[in-house]
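Analysis of the macromolecular model
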Amino acid sequence: MPELDSSFFPTEVLLFDPISSKHIKTLSEAHEDCVNNIRFLDNRLFATCSDDTTIALWDLRKLNTKVCTLHGHTSWVKNIEYDTNTRLLVTSGFDGNVIIWDTNRCTEEGCPHKKFFHTRFLMRMRLTPDCSKMLISTSSGYLLILHDLDLNKSLEVGSYPILRARRTTSSSDITSSGSSGPRAVGSPCHQNDSGPLSEKHMSRSSQREGGSPRNSLEVLTPEVPGERDRGNCITSLQLHPKGWATLLRCSSNTDDQEWTCVYEFQEGAPVRPVSPRCSLRLTHCIEEANVGRGYIKELCFSPDGRMISSPHGFGIRLLGFDAHCSELVDCLPKEASPLKEIRSLYSHNDVVLTTKFSPTHCQIASGCLSGRVSLYQPKF
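Residues numbered from 1 in each chain as written. Predicted model: local features only at pLDDT ≥ 70, side-chain atom pairs only at ≥ 80, totals over all residues. Heavy atoms only, no water.

**Some words on the pattern of salt bridges**
Applied cut-off: What makes a salt bridge here is a side-chain nitrogen of Lys or Arg within 4 Å of a carboxyl oxygen of Asp or Glu, nothing more. Each helix is a run of DSSP H or I of at least 4 residues and each strand a run of E of at least 2, with the numbering of both proceeding from the N terminus. Exposure classes here rest on a 1.4 Å probe applied to the protein chains alone. A residue is buried below 20% of its type maximum, exposed above 50%, and partly exposed in between.
Under the criterion given, the structure shown has 17 salt bridges. One salt bridge in this structure joins Arg124 and Glu298, with 2.7 Å as the shortest N-O distance. Placement of the pair is Arg124 in strand β12 (residues 122–127) and Glu298 in the loop between β20 (280–287) and β21 (300–301), with a sequence separation of 174 residues. Judged by its relative accessible area of 7%, Arg124 is buried. Linking Arg249 and Glu288 is a salt bridge whose minimum nitrogen-to-oxygen distance equals 3.8 Å. Residue Arg249 is found in strand β18 (residues 245–252), and its partner Glu288 is found in the loop between β20 and β21; the two are separated by 39 residues along the sequence. Here the two residues Arg249 and Glu288 agree in accessibility, since each one is buried. Counted as one network, the salt bridges with shared partners bring together Arg249, Glu258, Glu288, Lys297, Arg317 and Glu341.

**Side note on the sheet that holds β18**
Put simply, the test is: We call two strands paired when DSSP finds no fewer than two bridges between them.
Read from one edge to the other, the open sheet built from five strands follows the order β17-β18-β19-β20-β24, with strand pairing classed as mixed. With one partner strand each, in any of the chains shown, β17 (232–239) and β24 (337–338) form the two edges of the open sheet. By the bridge criterion, two bridges tie β20 to β24 in an arrangement that is parallel. Looking at β24, one finds that Cys285 is bridged to Pro338.

**Regarding the pairing of strand β28 (residues 373–376)**
The side chains of a regular strand alternate between the sheet's two faces. As defined by bridge partners, strand β27 (residues 364–368) adjoins β28 across four bridges and the pair is classed as antiparallel. Its bridge partner lying in β28, Ala365 is registered against Leu375. Hairpin connection between β27 and β28: a loop of four residues separates the two successive antiparallel strands, and Gly371 in this loop has a positive phi of roughly 100°.

**A few points about the sheet that holds strand β23 (residues 315–320)**
Taking strand neighbours across the sheet as the criterion, the four strands line up as β21-β22-β23-β25 in an open arrangement whose pairing is antiparallel. Every interior strand has two partners, whereas the edge strands, β21 and β25 (340–346), have only one. The pairing of strand β22 (residues 307–312) with β23 spans six bridges and is antiparallel. Across the sheet, residue Pro311 finds its bridge partner in β23, namely Ile316.

**Comments concerning the UniProt feature "repeat: WD" (unreviewed entry) in the protein**
Quick note on the threshold: UniProt positions are given in the numbering used here, feature names are shortened, and annotations may be inferred rather than shown by experiment.
The feature "repeat: WD" (unreviewed entry), as annotated in UniProt, sits at residues 28–61 and 70–102 in this numbering. Each end of residues 28–61 is marked by a C-alpha atom, and these two atoms are 16 Å apart; helix forms 0% of the span and strand 53%. Span residues 70–102 is 0% helix and 64% strand, its end C-alpha atoms 11 Å apart.

**Considering the nonpolar core**
For soluble globular proteins, the rule of thumb is that nonpolar side chains tend to be buried together. Spelled out, the test is: Nonpolar cores are built from buried Ala, Val, Leu, Ile, Met, Phe, Trp, Tyr and Cys residues. Side-chain atoms within 4.5 Å join them into one set. Contact definition: two residues touch when any of their heavy atoms are within 4.5 Å.
Formed by 19 residues in total, the largest nonpolar core has its most connected members in Val90, Val98, Phe116, Phe117, Met134, Ile136 and Leu151. Those elements that place two or more of their residues in this core are β9 (88–93), β10 (97–102), β11 (113–118), β12, β13 (134–138), β14 (143–147) and β16 (216–221). The biggest single contributor to this core is β12, with three residues. If we skip the residues at most four places from it in the chain, Val90 touches Asn79, Ile80, Glu81, Val98, Ile99, Ile100, Met125, Leu127, Met134 and Leu151.

Pasting the structure below:
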């Protein structure tokens, strides 16, 4: 298990060989502020985003300069997603905006872009593997799901149909910023003064006969153990590689508890376009160590979806749905069950904030608050 001394500036991007763990290249001053996310678009192009409000595109064949810099966000940019079919880049930031960038028409000046969606308290945004859904988590405890996703259609406030708006464990709907919910900070979507989320926002012209309308919005407050009355903040959001489930890291609004939760997608259209039916069901969960309160911990699924790697204090835990690392679909409980700890790996001297499985190699990486990166490889 090599440990990489990565005492670098937060504005730099470092590239390593996953086999030898050797440091290949440093992109000095890749951004003017902290780099938050790196996403490969193909085998040579990758994108980075930063607290300097920009996104940068890079080419591995010419790393001495950026392909281009993308301007559009007004606050820290935290997430990068990519639709390989349409070659549309999707980013989100703490300005509450989700922006679409057309990399098909990229020049040195940037890419054509448009604001796709906006919500208050946005934390993380993800696309399902087939790009049929967009999930957005918020610091106010809401999870937003855009169903039957069409990235070519910009969404204005009030123009998207609200299919379902409810808590996963009750039949009451989220109806306004004053409704009972995880935090008394208002509903996640900006509303005009005319009223709450309701059927009047349903755009009949956007509905398709016999099915749900494109970009229909579902608003949920996911069930979190121990947080039924106090509220929670959804700090990390990941999706199962086969699109079967979503993985959340949640902390209480007082930062005294932290949970990792898995929610199964319950597919199927509602009986009526606005019927309150929940798309997610809590299947597995585990309480976390809650070391490093206030810091966001990023967790992940393994490439085959059988395991979860989760930051745990000064290390990581490998978690499974059962002790045999079975597929999720083979061990779905009737009621929420504890995740099984397969193994714990501790090698850091500071709080671990992120972990990731390699998509192509038998390897896990973890990074801690002090800037050190550890790579783990199994011994056969």
